[in-house]
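Each chain is listed here by its residues.
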Amino acid sequence: MIFDVSEAEDKLGYVFRDKMLLRKAFTHASYINENPGSESNEILEFFGDSILGFVVKEHLFKRFPEKHEGELTEICQHILSTEPLSAAGLRKRLNDCLLLGMGELKNKDNKSICEDLFEASVAAIYLDGGLVPAKKFILETLAPEIESSLDPANRKKPL
């Protein structure tokens, strides 16, 4: 499978200086098992999760200074859960560029895989360009999920 840098950058809305970092973000562990020599996106997922948490919490904190901590926590937990993150990644079709092992190709729409790819993409953007482009990507991409999560009824059911 050939990785299309331009397509991945178009889907993310960000042009990378470090194209290898971009490729790493889109490389699933199953691909590494069949194609040794590359790095998987697992460590980027780990870091991206923290960046997502920071950006979403800052956004909610600034936007809703009157809300209580408990409600903001509930909103944030919902936004940062598998359903919203995978929905955002699937909407942008990030998984179309994902490098997967042959055994995982049928699972490219899997919610967990899409969530992990979203988190890895956030970390890659942050590491390549800093907080400003990462924040822009997160808030623009998650805007529908953020708005939906403001309604308590939507937090009780998956998106």
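Residue positions are given per chain, counted from 1 along the sequence in the order it is written. Per-residue local features of the predicted model are confined to residues with pLDDT of at least 70, and side-chain atom pairs are confined, for both listing and counting, to 80 or more; whole-chain, interface and lining totals are unaffected and use all residues. Just so you know, side-chain values use all the structure's heavy atoms and leave hydrogens and water out.

(A) Spatial organisation of the overall build of the chain. Secondary structure counts use DSSP, requiring at least four H or I residues in a row for a helix and at least two E residues in a row for a strand, with both numbered from the N terminus. Of the regular secondary structure elements, the chain holds 10 helices and 0 strands. Listing the helices and strands of the chain from first to last along the sequence gives α-α-α-α-α-α-α-α-α-α. Relative to a compact globule of 159 residues, whose C-alpha radius of gyration would be 15 Å, the chain shows 16 Å and is just as compact. Viewed in the frame of its principal axes, the chain has a C-alpha envelope of about 50 × 30 × 25 Å. Only protein chains enter the area calculation, which uses a 1.4 Å probe; residues under 20% of their type maximum are buried, those over 50% are exposed, and those in between are partly exposed. Each of the 159 residues in the chain was classed as buried or not, and the buried ones make up 48%. At a minimum sequence separation of 6, the contacts of the chain that also span at least 24 residues come to 67%. Just so you have it, the chain exposes about 8100 Å², and 56% of that area is on carbon and sulfur atoms. Computed over 20 positive and 27 negative side-chain charges, the separation of the two mean positions in the chain equals 4 Å. Based on C-alpha atoms, the radius of gyration is set beside the globule rule, defined as 2.2 Å times the residue count to the power 0.38. Every residue pair with non-hydrogen atoms within 4.5 Å of one another is taken to be in contact. For accessible areas, the Shrake-Rupley method is used with a probe of radius 1.4 Å. Any residue's cover is judged against the shown protein chains and nothing else. Residues counted as positive are Lys and Arg, residues counted as negative are Asp and Glu, and His and the chain ends are not counted. Note that the charge is assigned to NZ on lysines, CZ on arginines, CG on aspartates and CD on glutamates.

(B) Layout of helix α6 (residues 82-91). Within the span of α6, buried status applies to P84, L85, S86, A88 and G89. Buried residues along α6 sit in contact with α4 (42-63), α5 (69-79), α7 (111-129), α8 (131-141) and α9 (143-149). Following α6 by one or two positions, R93 adopts a phi angle in the positive range, close to 55°.

(C) Fine view of a nonpolar patch on the surface. Patch criteria: residues need more than 30% relative accessible area and no salt bridge. Like-charged residues are merged within 9 Å; nonpolar side chains of Val, Leu, Ile, Met, Phe, Trp and Tyr are merged within 5 Å. Salt bridge criterion: a side-chain nitrogen from Lys or Arg within 4 Å of a carboxyl oxygen from Asp or Glu. A cluster of nonpolar side chains, contributed by I43, F46, F47, F54, Y126, L127 and L131, occupies part of the molecular surface with about 670 Å² of accessible area. The set of elements that each furnish at least two residues to the nonpolar patch consists of α4 and α7. Counting residues per element, the nonpolar patch draws most heavily on α4, which supplies 4 residues.

(D) How the structure looks around the pattern of salt bridges. Tallying each qualifying case throughout the model produces 14 salt bridges. Taken together, the shared-partner salt bridges connect E7, K11, R93, D96, K108 and D109 into one network.

(E) Structural view of α7. Here α7 is 19 residues long and its end C-alpha atoms lie 27 Å apart, about the 27 Å a rise of 1.5 Å per residue gives. Summarising burial for α7: 14 of the 19 residues are buried, a large majority. Side-chain atoms alone can form a polar contact between residues adjacent in sequence; in general such a contact is a pair of N or O atoms within 3.5 Å, and within protein one must be able to donate a hydrogen while the other accepts it. Two or three places before S112, at the start of α7, stands the capping residue N110, its side-chain oxygen 2.8 Å from that residue's backbone nitrogen. Looking one or two places after α7, you find G130, whose phi comes out positive at around 100°. How far a helix is expected to stretch is found by multiplying one less than its residue total by 1.5 Å.

(F) Here's a closer look at the packing of aromatic side chains. What counts as a ring pair is set by centres within 6.5 Å for rings of Phe, Tyr and Trp (its six-membered ring), and what kind of pair is set by the plane angle: stacked under 30 degrees, edge-to-face over 60, tilted for all other angles. On inspection of all chains with the given rule, the structure shows 4 aromatic pairs. With a centroid separation of 4.8 Å and an interplanar angle of 85°, the aromatic rings of Y14 and F16 are classed as edge-to-face. Each member of the pair, Y14 as well as F16, is classed as buried.

In short, geometric facts, not functional conclusions.
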